[in-house]
Amino acid sequence: MVRLNKIYTRTGDDGSTGLGTGERRSKADLRVEAYGTVDEANAVIGLARQYSAREDADIDAMLARIQNDLFDLGADLCTPEGGEKEITWTPLRIVQAQVDRLEQEIDAMNADLAPLKSFVLPGGTPCASQLHLARTVSRRAERVMVALSQSVGELVSAEALAYVNRLSDHLFVASRYLNHKASGDVLWVPGANR
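1. Quick word on the environment of Pro-122
Thought 1: Note on placement: Pro-122 falls in the loop between helix H3 (96-110) and helix H4 (126-149).
Thought 2: Considered as a pair, Pro-122 and Asp-58 are 64 residues apart in the sequence and their alpha carbons are 21 Å apart.
Thought 3: Residues in contact with Pro-122, not counting those within four places in the same chain, are His-132 and Arg-135.

In structure tokens:
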């Protein structure tokens, strides 16, 4: 369990940070960038939740579960397998059940939506707009995680990659679901302003 008595330690003043294993890495390291971007996505979801409780209690509950999962994902990423320091405990990892839950929620929300005939512009209800922003940040997190997984000596689990990939789909469908309950999707009209 996490226990924080003191917020600043001065150990990062040299531009390094500690991984979950105790290993020190540069704050510019790709692994640190990966879990930092996951944290950023979580923060944007937190902003969306300012509206989700008013717009749809079920969506709010989904987002609360996702926020917790994103801390799990951050823990997974900051405790690398095969790193310099041996792991003497069972690290927290993303598991397939978390990916499956996202898929089930996507399918349930999508069941009431009309098929898309155009790309959707980010916008709509306040919560849907924030979810579009969260979607783009989660896609960036995915790109960083993929780059990390392709780096020599770095491992990222298939479940972690699947989770972050499914997350952006979930956020997209949730935004459409909320807009469907309001005035509908904001659709792209190609060449509309020529």
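2. A look at the packing of aromatic side chains
Thought 1: Inspection of every chain in the model, using the stated rule, returns one aromatic pair.
Thought 2: With centroids separated by 5.7 Å and ring planes inclined at 45°, the aromatic side chains of Phe-119 and Trp-188 adopt a geometry described as tilted. Remark: Trp-188 occurs in the segment after helix H5 (158-181) and Phe-119 occurs in the loop between H3 and H4; sequence separation between them is 69 residues.
Thought 3: Accessibility expressed as a relative area gives 40% for Trp-188, which makes it partly exposed.

3. Topic: the environment of Ala-61
Thought 1: On the secondary structure map, Ala-61 appears in helix H2 (residues 57-77).
Thought 2: For Ala-61 and Asp-29, which are 32 residues apart along the polypeptide, the C-alpha to C-alpha distance reads 33 Å.

4. Comments concerning the packing of H2 against H5
Thought 1: Their axes nearest at 12 Å, the elements H2 and H5 cross at an angle of 160°. Between H2 and H5, the angle is such that the two are roughly antiparallel. Where H2 crosses over H5, the two elements pack in a sense that is left-handed. Contact residues: H2 offers Ile-59, Met-62, Leu-63, Ile-66, Asp-69, Leu-70, Leu-73 and Asp-76, while H5 offers Ala-160, Tyr-163, Val-164, Leu-167, His-170, Leu-171, Ala-174, Tyr-177 and Leu-178.

5. Things to note about the packing of H4 against H5
Thought 1: Put simply, H4 and H5 touch, their axes get as near as 9 Å, and they point 165° apart. By the angle between their axes, H4 is roughly antiparallel relative to H5. Our pair here, H4 against H5, has a crossing hand that is left-handed.

6. Focus: helix H1 (residues 30-55)
Since there are 3.6 residues in each turn of an α-helix, residues three or four apart along the chain are aligned in direction.
Thought 1: Counted at 1.5 Å a residue, the expected span for H1 with its 26 residues is 38 Å, and the 37 Å between its end C-alpha atoms agrees.
Thought 2: Considered for burial, the residues of H1 that qualify are Arg-31, Val-32, Ala-34, Tyr-35, Thr-37, Val-38, Ala-41, Asn-42, Val-44, Ile-45, Ala-48 and Ser-52.
Thought 3: Regarding H1, its N-cap is Asp-29, as a side-chain oxygen of that residue lies 2.8 Å from the backbone nitrogen of Arg-31 further along.

7. Remarks on the side chain of Glu-154
Thought 1: Residue position: Glu-154 is located in the loop between H4 and H5.
Thought 2: Polar side-chain contacts of Glu-154 include one of 2.8 Å to the side chain of Arg-31.
Thought 3: When near neighbours in sequence (up to four residues on either side) are disregarded, Glu-154 contacts Arg-25, Arg-31, Leu-148 and Ser-149.

8. Quick look at the environment of Ala-64
Thought 1: Its location among the elements puts Ala-64 in helix H2.
Thought 2: Taking C-alpha positions, Ala-64 is 8.7 Å from Ile-45, a pair spaced 19 residues apart along the chain.

9. Quick word on the pattern of salt bridges
Opposite charge on two side chains permits pairing when their charged atoms draw close.
Thought 1: In the structure shown here, the tally under the stated rule is 13 salt bridges.
Thought 2: A salt bridge links Lys-181 to Asp-56, with the shortest nitrogen-to-oxygen separation between them at 2.6 Å. With Lys-181 in helix H5 and Asp-56 in the loop between H1 and H2, the pair connects residues that are 125 residues apart, well separated along the chain.
Thought 3: Classification of Lys-181 by relative accessible area gives partly exposed; the value is 45%.
Thought 4: Overall, Asp-56 belongs to the buried group, its relative accessible area being 7%.
Thought 5: Each of Arg-65, Asp-69, Arg-101 and Glu-105 takes part in a single network of salt bridges with overlapping partners.

10. Focus on the side chain of Arg-31
Thought 1: By the secondary structure assignment, Arg-31 is in helix H1.
Thought 2: Those residues in contact with Arg-31 that sit more than four places away from it in its chain are Leu-19, Arg-25, Leu-77, Pro-80, Leu-148, Glu-154 and Leu-155.

Cut-off values and rules
- Residues numbered from 1 in each chain as written.
- Predicted model: local features only at pLDDT ≥ 70, side-chain atom pairs only at ≥ 80, totals over all residues.
- Heavy atoms only, no water.
- Helix = DSSP H or I, 4+ residues; strand = E, 2+ residues; numbered from the N terminus.
- Contact = heavy atoms within 4.5 Å.
- Phe/Tyr/Trp six-rings, centres within 6.5 Å; stacked < 30°, edge-to-face > 60°.
- Buried < 20%, exposed > 50% of the residue type's maximum accessible area, 1.4 Å probe, protein only.
- Axes fitted to C-alpha atoms, helices over the stretch in contact; angles between N-to-C directions.
- Parallel < 35°, antiparallel > 145°, perpendicular 65-115°, else oblique.
- Left-handed = near helix turned anticlockwise from the far one by under 90°.
- Expected span 1.5 Å × (residues − 1).
- Polar contact = N/O pair within 3.5 Å; in protein donor to acceptor, adjacent residues only side chain to side chain.
- Salt bridge = Lys/Arg side-chain N within 4 Å of Asp/Glu carboxyl O.

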